[in-house]
Structures are given as C-alpha cells and as structure tokens.
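Secondary and tertiary structure notes
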Amino acid sequence: MDSTIASILLLDGLTNGAIYALLGIATVLVFAVTRVIFIPQGEFVAYGALTLAILQTGQVPGTVWLLLLLAGMAALMEFYTRWRHHGDLLAALKPALKTLIVPVLVALVTLWAAPQQFHLLVQALLSVAVVTAFGPLVYRVAYQSLESATPLVLLIVSVGVHFALTGLGLLFFGAEGFRNPAFWDLRLNLGPVMLSGQTIIIGVASLALIVLLWLFFERSLFGKALRATAVNRLGARLMGISSHAAGQLSFTMAALIGALSGLLIGPTTTIFYDSGFIIGLKGFVAAVVAGLSSYPGALVGAMFVGVIESFGSFWASAFKEVIVFTVILPVLLVRSLTSGHSDEDH
Amino acid sequence: MKLRSTLLATLVALACGTALADINIGVSLSLTGPGSGLGIPVNNQFKLFPKTIAGEKVNLIILDDASDPGKGANNARRFITEDKVDMIIGSSITPVSAAMIPLAAEAKTVQLAVSPVGGPPDQERWLFRLPQGADVIAYPIVEHMKKTGIKSVGFLGYADAYGEIWLKAMTPALEKAGIKQVAVERFARTDTSVTPQALKLTSANPDAILVVASGSGAAMPHKGLVERGYKGKIYQTHAAATPDLMRIGGKDVEGGYVSSGPAVVAEQLPDNHPSKKAAVDFVTNYEKAYGPGSRNQFAAHSYDAAIVLQKIVPMALKKAKPGTAEFRAALRDAMETMGRTVFSHGVMNWSATDHWGYTNETAVLLQVKDGKFVVVQ
C-alpha cells in the first residue's frame, strides 16, 4: 500500500459512494415522509439501467407493460375507494383517469420511440421517465391503504414488493446482465489516478442532485409540505397537506433518484436483474448511519461505506461484504446508547 | 349399469396406464434467483426432451428451486414422497445440488446433478454428475500455461462455491506444473467494481490471471483487469464460455482464453473428435428453437441427460418396472455399467469408483478473436 494505490482506491470508493449517497438520501426521504423502509429502492436502479439497455437493442422493454398493468391496478383501486366513499360514478372516474394519464402517456411514447433507435440521451430520458412513473403507482398499489400501519408492517410489505419487482425483472430482462455504453468516453490521467468521463459524470450528477434536493426542501412549497408531513403527519393533514399526495411525491422522487443512479452506474459495471438489491442495501446502510433522518448524514455515511468497501476489497477481498455490513453494528450501538428512545419517534 | 361399468373400466385402465407404464423424472432447476442464468438454458433444452424412451412415456416434473438450497431440498422431498420419481435431475447450481444429495441417497434414488458438486463418500453411491469437474476443465489451461512458459499466476474468482471449487482444482494443478500462484483475490457477482482486486493483482504482476466467474458476470472482472492496464494473459473458465462474454466485454476481452466443454464450439471441432456428431446435433436443434448464437455450456448438459436416459432405461427395463425400488436401483447400476458413452460434452465413462467420468481430453481451450470463440490448436 502506497499513496498511489491509496489514491486510486479512494477515488473508486468515492465514486461508488456517490451512488450509495443518492440511494441513501432516497431511503431517508421515503422513510421520513411515509415511515416506509423502502427496500426495493435498488430495484429502481436495476430497472433504470436495464430499461436503457433494452431500448439500446431497439426492443420495447418489459417495464412498459408492467407500468401499464400497475397503472391499471392503481386506477381501479382509486376508482373503487372513491366510489365507495361518495357513491358517485363520475366523480370517482376523474381521479382514476388522472392516475392513468401520465403512465399511459409515458408508455405510449416509449412504445413509439423504442424501435426508432434514438440517440443515447433520448433513450436515457425515456428510461428515467418510465421508471419514475413507477414511483407513485408502487405507493398507490402497495402502501397507500396501509398508511397508518406500523413501520414493521410497512417493512414486511417492502420485502414483498422487493421480491415481486426482482421476479418481474427476471421475466423482463432475462438472467444475463447488460452493460450500457458510456455517456462520455474520456480517460484522463492525473498522475497515478485514471479519471474516466463516467466518474466525473457520477460525481457531478450526484452533487447536482443533492443540491437540487436541498433547494427543493428549503425553497419549494412541495418540499416544505413534505417536510411538514415528515415532522407531523396529522398536523400536516390538518393544514391541508394530503398525506396520500406526500407519499406519492416522495415515492416519485425516490424512483427518479433510483433511475438516475441506474443510468450513472450502468456504464461502469454489469447490471443484472437482481443487482439492485445489494446496491440499494448499501444505500440503506448509509441511511442507517444517518439514523434514517439526516440527508447530509446519509451523504457522509455513503462515502464512508464506499471507501470502506474499496479498501476492504483490497485487503481482504473475500470478506468485503462482511466488512461493509459489520460497519453498521458499532453505528447502531452508538446510536442506541446516545439517543433516548420514545414511542413517539418514528 | 352398463354405462357405469364402462366408465369405471375406463377409469381403472387410465389410472393403471399412467401409474405403471410411465417413467417419472423429477427435475429441480434454478429458474429464478442468482443461479437462473444457468438454470434457464438447461430448462430450455429440457423442453426439447424426447417424449418417450424405449417405448415408455417419460414425464419430466420440472420445479424451480429459486437458487435456494432449502427449496431444492424441498423439491427433492416432493419428488420422492409425492411423485415417486424414478430419478432426480438437478440442480443447476452447486449449493442447491449439495442440499439434495442426502435426500436422494436416503431414498435410494439416482441424483444426476447438472452442476459440479462433491458429495460425502457414503452418499456418493447415488450421485452422478453431468458437467465436467473443474480439474478436467483446468487441464487445458494448465497445459497451455506450461507450453507458453508462464511462471506465475493470479486468481480472481467468485467469493462462493464456484470460486472455491476452482481454487481447489487449480492450486495443486499449478503446483504440479511448477507454476507459482502469487495472488488470490475474490469478488461477488453483484460487485459494482473490481478495481481494488485488480490493483492488488497487477501489483503482484503475474504472467497470467485466471478469472473464475459465470455468464455475463465474467466480463466485468476481465474488463477491470484490462482497464487497470494488465497486459498478461487472462484465462476464463467454462462458465464464461457464452456469447455474453463478448457482448458485455467488447474489445477488452479480445485475446482472452476460455476453457470449455466441446459442445459450444461444435462446428470447429476436428472431424475425428468423438463428440463432434452429438455436439453439432445439439447446437442445430437448440439454435433452431432458440435462435442463432443461443448455444451454451449448460443446455448441452440436459442434452446429455437425454443420452444417458436413452442408454440406461432399456438396460433397467430388463430388470424391473418403472415406479419400483428395483427399477431405481437398476437405473443406478446401469449408469455404472453403461460404459463408454459419447456426449455432446466429451466422452463419458462412469464406473463404480468414478462418478465424474470425463477424461482430461474432454475440454478444449478457446481464444476470443474478433468477437468469436476460436479453438486454440
């Protein structure tokens, strides 16, 4: 181990850490607003990368069909609940159609665009749109009716959603992995460290997203509404903030972040239908380091996880995963010793 | 009255017909989960399995074990207690196959594993394998290393059973050949980067590196080594002998060596190669069903399973009827005594002392040239 090796490892760790940071932040976001520990966060990563890979081959990705199916289910659920509440068919039809419109539009555009072999960036945009549209639908179908359930119940649902999405991923994308073309074919030699265009994109994109999220929460009305829901659901509802809308919005953002992470990571490694889980899990570790409550904490935690992973695989490659996941133990210990526990906490 | 008795008679006839004449085979494969890349092609070939063998109807009961050893064991239990199978085939990955061994042995039913799995000596009696052992596939690699004057080798393999099997096979083989193994690094299929491992290997600077990984997962470590500026020879194992290596690896895997069973390069085999006919037959039929370029190592194993059954079923039928313990035992004995049999994957000769069966001449060494596998002469 000399400074050359250390700097290469550090760069590798920080690059991976940037992806984990995004996922960690998404996990914190979803948990804060809805108290859902969103295990399938990583599936959005795999879906994003693989949807792009399938679009690259000029075929229609199976995620489009799943999107339509989910949209149909969500619309039916929406229609049924409204109808039962108000008994007015027309009034119930409107929100149902509203649920349908965006996914159907996205699906139609993708269906039309898939065989045209557009430029990589257009296809990337399409993939992001498809996967982002999943966010509110997943929330509507799996979580919305359980809004007031305990975090444990929501966690169990998350496990179910994770398995369902992984299984469907296998159906849509097959068992073999894909690697996406790089967005920027640059190789810069900075002394011993080789900086690739993709590394720069990952760094810049992660930073930009984090800044955007910060602006969103500090400056926009929606962001403030989400924060209000996170602090006190009932209070926020009394102030006219719909907890349904807040949940769907946070899931949309989580799906968007996941899809972007997938595009960022796709060109640097082979992504399989089930790759998302372990990547998402590391984002989750980062979020746990942050106590599932602090965005800067998740960022720091993610960098920490990335660097530990990088150095861990250098020194003891066979035990890398063990090292990364063991890191969570002392953190949990310190947290449970320092923070007072009350039932009101979420 | 007449109608009722006719119906009854028909029912009885039907019941006896299915219960007595059919040969039932339980097949457990990893169709989902991390091992599905291997299980799915095996299943594809089983869809082309002959409907009858030696005049008897053959029922394949195919279950998914989700790459989970516990599920595999459950499947085996179901095959034995509910389906009363005459033989068990599976699983397609080593850890699941291993979990099925004790159940098959206890029920005195042959287990024909589609993965290279080692069994405890007392249960070895009922266990046969279709794939080559790692030592058989390693043979041409080590020979090629000797021939090209390689003195030191690095190892970069999966941190799981597949990596372990190869490490166990390579270490003594290299020692015997007088080649030094200078570094052993591991990675997981889900890893997003092998940069740290590649760094460590390149700083040890071996003449060659063996990458042990499967399917499209084999391309990432290969690329990782090339991207870190490694200039030596890179070898891959038979699980990497799929077009996915080139699809994902592109230019970076050019010139890499892959050791493989003969079935994947059927057309390139010399005419005097014993497996040529079977291998070409397998490739033509498989690619007719699943598209050009879809051939792979794993599907060929289930093609070979049909060859085994076509040979042993007539032998066993002479001794007993399907569905009985005697028939199951007869199948086992037939496998040990069936003698030299030509598979699409080489020449097989199981015996009472050897349930692996392949000889060192089985595997062929391939090189990636212009995005294609070319046999190294």
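Residues numbered from 1 in each chain as written. Chains lettered and ligands numbered in written order. Predicted model: local features only at pLDDT ≥ 70, side-chain atom pairs only at ≥ 80, totals over all residues. Heavy atoms only, no water.

1. Considering the overall build of chain B
In terms of regular secondary structure, chain B is built from 12 helices and 15 strands. C-alpha extents for chain B along the principal axes are approximately 85 × 40 × 40 Å. Counting the 377 residues in chain B, one finds 58% classified as buried. For chain B, restricting intrachain contacts to residue pairs at least 6 apart in sequence, the fraction spanning at least 24 positions comes to 67%. Distance between charge centroids for chain B: 3 Å, based on 40 positive and 34 negative side chains. (Helix = DSSP H or I, 4+ residues; strand = E, 2+ residues; numbered from the N terminus. Buried < 20%, exposed > 50% of the residue type's maximum accessible area, 1.4 Å probe, protein only. Contact = heavy atoms within 4.5 Å. Lys, Arg positive; Asp, Glu negative; His and termini not counted. Charge placed at Lys NZ, Arg CZ, Asp CG, Glu CD.)

2. Looking at the packing of aromatic side chains
Going through the model one piece at a time under the given rule, you end up with 23 aromatic pairs over all chains. Ring centres of Phe172 of chain A and Phe173 of chain A lie 6.2 Å apart, and the angle between their planes is 80 degrees; this geometry places the pair in the edge-to-face category. In this structure, Phe172 of chain A and Phe173 of chain A share a single accessibility class: buried. Measuring from ring centre to ring centre gives 6.2 Å for Phe343 of chain B and Trp350 of chain B, while their planes differ by 75 degrees; the resulting arrangement is edge-to-face. By relative accessible area, Trp350 of chain B is classed as buried at 0%. An aromatic cluster is defined as three or more aromatic residues linked by ring pairs; in this entry it consists of Phe38, Phe44, Tyr139, Tyr143 and Phe251 of chain A. (Phe/Tyr/Trp six-rings, centres within 6.5 Å; stacked < 30°, edge-to-face > 60°.)

3. Here we look at the environment of Ala208 of chain B
Residues and elements named next belong to chain B. Topologically, Ala208 is positioned in strand β9 (residues 208-212). Taking relative accessible area as the criterion, Ala208 reaches 0% and is therefore assigned buried. Taking C-alpha positions, Ala208 is 19 Å from Val375, a pair spaced 167 residues apart along the chain. Among all residues touching Ala208, those that are not within four sequence positions of it are Met145, Ile150, Ser152, Val153, Gly154, Tyr230, Lys233 and Tyr235.

4. Some remarks on the pattern of salt bridges
Residue and element names in this part refer to chain B. For the structure on display, the rule yields 21 salt bridges over all chains. With a shortest N-O distance of 3.4 Å, Glu143 and Lys146 are connected by a salt bridge. Taken together, the residues Glu143 and Lys146, both in helix α5 (residues 134-147) and 3 residues apart, mark about one turn of the helix. Judged by relative accessible area, which is 44%, Lys146 ranks as partly exposed. With a closest N to O distance of 3.2 Å, Glu164 and Arg186 form a salt bridge. Within this pair, whereas Glu164 is found in helix α6 (residues 161-177), its partner Arg186 is found in strand β8 (residues 180-187), the two being separated by 22 residues in sequence. Here Glu164 falls in the partly exposed class, since its relative accessible area comes to 34%. (Salt bridge = Lys/Arg side-chain N within 4 Å of Asp/Glu carboxyl O.)

5. Regarding helix α1 (residues 3-34) of chain A
Residues and elements named next belong to chain A. Look at α1: 45 Å from first C-alpha to last across 32 residues, which is about the 46 Å you get at 1.5 Å a residue. For α1, a buried count of 25 out of 32 residues is recorded, marking the element as mostly surrounded by other parts of the structure. Where α1 begins, one side-chain oxygen reaches toward the backbone nitrogen of Thr4, 3.2 Å away; that side chain belongs to Asp2. Positive backbone phi, approximately 60 degrees, marks Arg35, located one or two places after α1. (Expected span 1.5 Å × (residues − 1). Polar contact = N/O pair within 3.5 Å; in protein donor to acceptor, adjacent residues only side chain to side chain.)

6. Considering unusual backbone geometry
Residue and element names in this part refer to chain B. Between Gly90 and the following residue, Ser91, the backbone shows a cis peptide bond with an omega angle of -5 degrees. Checked against the element boundaries, Ser91 lands in the loop between β4 (87-90) and α4 (94-106). In the Ramachandran plot, Ser67 falls in the positive-phi region, its phi being about 60 degrees despite a non-glycine side chain. Mapped onto the elements, Ser67 comes out in the loop between β3 (56-64) and α3 (69-81). Since its relative accessible area comes to 14%, Ser67 is described here as buried. One non-glycine residue, Lys108, lies in positive phi territory at about 50 degrees.

7. Regarding the side chain of Arg189 of chain B
Assignment of secondary structure puts Arg189 of chain B in the loop between β8 and α7 (195-204). What makes Arg189 of chain B buried here is its relative accessible area of 19%. Within the structure, the side chain of Arg189 of chain B is placed 2.9 Å from the side chain of Asp274 of chain A, a separation counted as a polar contact. In this view, Arg189 of chain B contacts Ala175, Phe272 and Asp274 of chain A together with Pro34 and Tyr158 of chain B; residues no more than four positions away in its chain are not counted.

8. Focus on the pairing of strand β10 (residues 233-236) of chain B
Residue and element names in this part refer to chain B. Across 4 bridges, the pairing between β9 and β10 is parallel. Looking across to β10, one finds that Val211 is bridged to Gln236. Looking at chain direction, β10 and strand β11 (residues 257-260) are connected through 2 bridges and run parallel. Across the sheet, the residue bridging to Tyr235 is Tyr257, located in β11. For the crossover that starts at β10, traverses helix α9 (residues 244-249) and ends in the parallel β11, the hand is right-handed. (Pairing = 2+ DSSP bridges. Right-handed = clockwise from strand over helix to strand, strands pointing away.)

9. Things to note about the interface of chain B and chain A
Of the residues lining the interface, 30 residues belong to chain B; the matching set on chain A comes to 32 residues. Both faces combined, the contact of chain B with chain A buries some 2600 Å², and carbon together with sulfur accounts for 52% of it. One salt bridge connects Asp191 of chain B with Lys320 of chain A, and the closest N-O pair in it is separated by 2.4 Å. Inspection of the chain B/chain A interface yields 14 residue pairs in polar contact (both at pLDDT 80 or more). Elements with a minimum of two residues in the side of chain B that touches chain A: α2 (36-46), β8, α7, α8 (219-227) and α9 of chain B. (Buried area = accessible area lost by both parts, 1.4 Å probe.)

10. Concerning the sheet that holds β11 of chain B
All names here are of chain B. As summarised here, the arrangement of the 7 strands in space is β8-β7-β9-β10-β11-β14-β15, forming an open sheet in which the pairing is mixed. Each having just a single partner strand, β8 and β15 (372-375) make up the two edges of the open sheet. For this sheet the average axis-to-axis angle between neighbouring strands, irrespective of direction, equals 25 degrees. Of the pairings in the sheet, the one linking β11 to strand β14 (residues 364-369) comprises 4 bridges and is antiparallel in character. Pairing of Ser259 across the sheet is with Leu365, part of β14. (Axes fitted to C-alpha atoms, helices over the stretch in contact; angles between N-to-C directions.)

11. So, the sheet that holds β4 of chain B
All names here are of chain B. Pairing is mixed across the open sheet formed by 6 strands, whose spatial order is β2-β3-β1-β4-β5-β6. Each edge of the open sheet is held by one strand with a lone partner, namely β2 (52-53) and β6 (127-129). Where β2 meets β3, 2 bridges bridge the pair, whose relative direction is antiparallel. Counted as the bridge partner of Thr52 is Lys57 from β3. Those strands touched by α2 are β1 (23-29), β3 and β4, and its axis lies near 155 degrees from that of β1. Sitting on the sheet, helix α12 (residues 325-337) touches β1, β4, β5 (110-113) and β6, and the angle it makes with β5 is about 45 degrees.

12. Some details on the nonpolar core
All names here are of chain B. Residues Met145, Trp166 and Trp350 are the most contacted members of the largest nonpolar core, which totals 118 residues. The element contributing the most residues to this core is helix α11 (residues 297-317), with 12 residues. Not counting chain neighbours up to four residues away, the residues in contact with Met145 comprise Ile150, Val153, Met170, Leu174, Ile179, Ala208 and Tyr235. (Core = buried A, V, L, I, M, F, W, Y, C linked by side-chain atoms within 4.5 Å.)

No statement about biological role is implied by the geometric values presented.
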